[in-house]
Amino acid sequence: MSHEALKFDKIAGPLIEKAKQDGAETMWDRDVAMKSRCGFGDKGICCKICNMGPCRLSPVEGKGAQRGICGATADTIVARNFARMVAAGSSAHSDHARSLLHTLHMTSPDGDYQIKDEAKLLSLAKEYEVETEGRDIYDIAHEVAEIGLMEFGKPFGTQRFIKRATEGRQKLWKELGVEPRAIDREVVSIMHSTHIGCASDMESIYALTVKSALSNGWGGSMIGTDVSDIIFGTPTARQSEANLGCLEENMVNILVHGHEPGLSEMIVFASQDPEIVQLAKDNGAEGINLVGMCCTGNEVLMKHGVRLAGTFYQQELAVITGALEAVVVDVQCIFPALATLSECYHTKFIATSPKAKMEGARYIEFDEERALEIAKEIVTEAILNYKNRDRNKVLIPQEKNKSTVGFSINTIVGGLDKVVNSNVDQLGTVKPLADCIMAGVLRGAAGVVGCNNPKVAHDNSHLTIIKEMIKNDVIVVVTGCAAQAAAKAGLLQYEAKELAGRGLKEVCERVGIPPVLHMGSCVDNTRILRLVTEVAKYLGVDTPVLPVVGAAPEWMSEKAVSIGTYFVSSGVDVFLGTVPPVTGSARFTDYLTNGLEDVYGAKFTVNEDPVQLAQAMLDRIEEKRTRLGI
Ligand code: SF4
Ligand code: SF4
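Predicted, not measured: the structure shown is a model, and the values here were computed from it.

(A) Quick look at the domain arrangement of the protein. As far as domains go, the protein holds domain 1 (4-56), domain 2 (74-232), domain 3 (244-393) and domain 4 (403-628). With centres defined by C-alpha atoms, the gap from domain 1 to domain 3 works out at 26 Å. Listed per partner, the contact involves 15 residues of domain 1 and 14 residues of domain 3. Buried surface at the junction of domain 1 and domain 3, both sides included, amounts to about 1,100 Å², of which 66% is carbon and sulfur. Applying the counting rule to domain 1 against domain 3 returns one salt bridge. For Glu 316, the salt bridge is made with Arg 30, and the minimal N-O distance between the two is 2.9 Å. In this structure, the connection of domain 1 to domain 3 is made through five residue pairs in polar contact (both at pLDDT 80 or more). Elements with a minimum of two residues in the side of domain 1 that touches domain 3: α2 (12-22) and α3 (27-34). If one sorts the elements of the side of domain 1 that touches domain 3 by residue count, α2 sits on top with six residues.

The following block contains the structure:
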């Protein structure tokens, strides 16, 4: 465990100390108990997909077991394991989108869920070739939802949104045979092909992996982002705050954690209901303080400005403050440990999704048909728990920072319109961004995304890389927990322009934006994909030509592997700050870090040192600029 983390993070140290006094176990304790990670798993060379195994291969070439019982080589085993990670990541994001499509299908003018962004719905309807003329908006919404749901299992054709990509990408994917047909099918086909005795050819396994990743980036996640905007509104720029200092001493503190916005949206409304607020006051609190974490946190932050309690690694620390009346969770990235941890405090740990029932949690199943009613039930339970708070066990850190958030593409393009000469140029395009990059005012753009991982000092890699980028005039867009790290560090404020190089600072001042733009949750990485694509289309080039890079400095989840894979396949170089379990195959590692460039025009670079990783990103940007002749 990197105890660097504790030095770097002013909040973690005191709260971990407090946990010890309270007899509470944290991931830091479990990390110590784990001792070292398994070297075979670390290198991706163990296989347990059939019961002749488990097989583990020697990490030393030519010495020890070089093949599994069935004869599978390290190349096959590593490629299969990697493919299964991507399939799991794609399925998590895509199932999220499926839920949203079901919610879209049940929207009604007087129901809990309504259409907030009609223009976006109509534009999607047009793309889906749904008749809109003279029709009720809700009829259109329901038909769009049905077509969206067909994207998961349609028997013929290819996924609709791949037409949103540049012509170059579409042509390449067709030639390579990696156009995804249907989201679920691509996951199934990986599970089939990686069964014992199916695919053993490393490159063909990777091609299947790409199909599944593209079905996420240009399918599930992209649907998720669009539909979420349609139902809950497209984000606009707004102010908020971030870090555990957002918890309030004299209020009922409720943390929403997980991913799907259907539940958290309703909790937002329930916690603003005057009768419920009065109930909180009647129970001795000054009011209700809703805060978010991980991507559910990002969703309600982007759309309502709900303050962020923190990032992935702070989920236990939030409970250890002793000030949380409830942690309300849905799916993904939720530590099962929260159940036991909550027992050390008065906190109610409430699971809500049949997809993620958690042992030891209070379970209140979320049913979209009774969405607001259930949300009120949950908030009421938290309020009634306020009286159980043990004031002697409360430690709320004072750290928090202001942020400007809500940078959807609409917000960004709207901001860019401020610097357009409307006598000469069209409004509502990415031209100013493209012009700044071509002119060198901005050297390029970087997306910094992904998780926290105890293998590296928490948030340190995110922040080191982001600061290096902006200092060198590279504009940064962020999502996921990387965005939250930036929020906590104050990098999402306009004033952070002072940390930027001269060109980027000038852009920030002219457009009135911070140098780091929060574009949303992990499914919202598709906003980045679309922004890059729009710039490429505007310039009439394909994506790999652009001086644009992506980084996941502290990634840990399978979803992050799927995201990285769809970005590389979409022509954007991806820089990883934790090493994926592939190093047991020199060939597969070389394929990811070199070979892919010949195929997709982009590749992975891996380096656990954030300073070196940032330098590699800057070098790549300059290399692309030189190739472009700019
Ligand atoms: S598939 Fe092959 S390598 Fe994997 S566990 Fe079975 S025998 Fe071993
Ligand atoms: S960035 Fe990673 S840890 Fe954070 S919510 Fe997304 S997948 Fe989970």
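Next comes the rest of the description.
(B) Inspection of the site of ligand 2 at higher detail. Near ligand 2 the following residues occur: His 259, Cys 294, Cys 295, Phe 312, Cys 333, Gly 450, Cys 451, Cys 481, Cys 522, Met 556, Ser 557 and Lys 559. Its residues placed into classes, the shell around ligand 2 shows eight nonpolar, three polar and one charged. The two domains that each donate at least three residues to the shell around ligand 2 are domain 3 (244-393) and domain 4 (403-628).

(C) Representation of the sheet that holds strand β16 (residues 604-606) in the model. Spatial strand order, β13-β12-β11-β14-β15-β16: six strands in an open sheet with parallel pairing. Among the strands making up the open sheet, the edge pair consists of β13 (516-520) and β16. Here the average twist between neighbouring strands, direction ignored, is 25°. For strand β15 (residues 573-576) and β16, the ladder comprises three bridges, and the chain directions are parallel. Bridging from a neighbouring strand, Val 574 pairs with Phe 604 of β16.

(D) Just the packing of helix α13 (residues 294-304) against helix α20 (residues 480-488), in detail. Where α13 meets α20, the axes come as close as 9 Å, and the angle between the chain directions of the two elements is 65°. The angle between α13 and α20 places the two elements in the roughly perpendicular class. The handedness of the crossing between α13 and α20 comes out as left-handed. On α20, the residues touching Cys 294, Cys 295, Gly 297 and Asn 298 of α13 are Gly 480, Cys 481 and Gln 484.

(E) Main features of the UniProt feature "binding site: [Ni-4Fe-4S] cluster" (unreviewed entry) in the protein. In this structure's numbering, the residues bearing the UniProt feature "binding site: [Ni-4Fe-4S] cluster" (unreviewed entry) are His 259, Cys 295, Cys 333, Cys 451, Cys 481 and Cys 522. These residues run over 264 residues, yet every pair of their C-alpha atoms falls within 13.2 Å of each other. When you line up the elements, Cys 333 lands in the loop between β7 (326-329) and α15 (338-343). Not counting residues up to four positions away in its chain, the partners in contact with Cys 333 are His 257, His 259, Cys 294, Phe 312, Gln 315, Met 556 and Lys 559.

Criteria and cut-off values
Think of each chain on its own: its residues are numbered from 1, step by step along the sequence as written. Chain letters and ligand numbers both follow the written order, the letters beginning at A and the numbers at 1. With the structure being a predicted model, the display of local features is reserved for residues of pLDDT at least 70 and the display and counting of side-chain atom pairs for 80 or more, all residues being used for whole-chain, interface and lining totals. To obtain the side-chain values, all non-hydrogen atoms of the structure were included, while hydrogens and water were left out. Here the limits of each domain have been adopted from an automatic or database domain assignment. Should any heavy atoms of two residues lie within 4.5 Å, those residues are counted as being in contact. Buried surface area refers to the total accessible area, computed with a probe of radius 1.4 Å, that the two partners give up upon joining, counted for both partners together. In the sections that follow, a salt bridge refers to a side-chain nitrogen of Lys or Arg positioned within 4 Å of a carboxyl oxygen of Asp or Glu. In the analysis that follows, any N or O atom pair within 3.5 Å is treated as a polar contact, provided that within protein one partner can donate a hydrogen and the other can accept it, and provided that, for residues neighboring in sequence, both atoms belong to side chains. Going along the chain from the N terminus, every DSSP run of H or I of four or more residues is numbered as a helix, and every run of E of two or more is numbered as a strand. One heavy atom suffices: a residue is near a molecule or strand as soon as one of its heavy atoms comes within 4 Å of it. When residue character is reported, Ala, Val, Leu, Ile, Met, Phe, Trp, Tyr, Cys and Pro are called nonpolar, Asp, Glu, Lys and Arg charged, and the others, Gly included, polar. DSSP bridges decide pairing: two strands pair if at least two such bridges lie between them. For helices, the fitted axis covers only the stretch in contact; all axes are lines through C-alpha atoms, and the angles between them, taken along N-to-C directions, range from 0 to 180 degrees. Roughly parallel covers angles under 35 degrees, roughly antiparallel covers those over 145, roughly perpendicular covers 65 to 115, and oblique covers all other angles. A crossing counts as left-handed when the near helix is turned anticlockwise from the far one by less than a right angle, and as right-handed when that turn is clockwise. UniProt positions are given in the numbering used here, feature names are shortened, and annotations may be inferred rather than shown by experiment.

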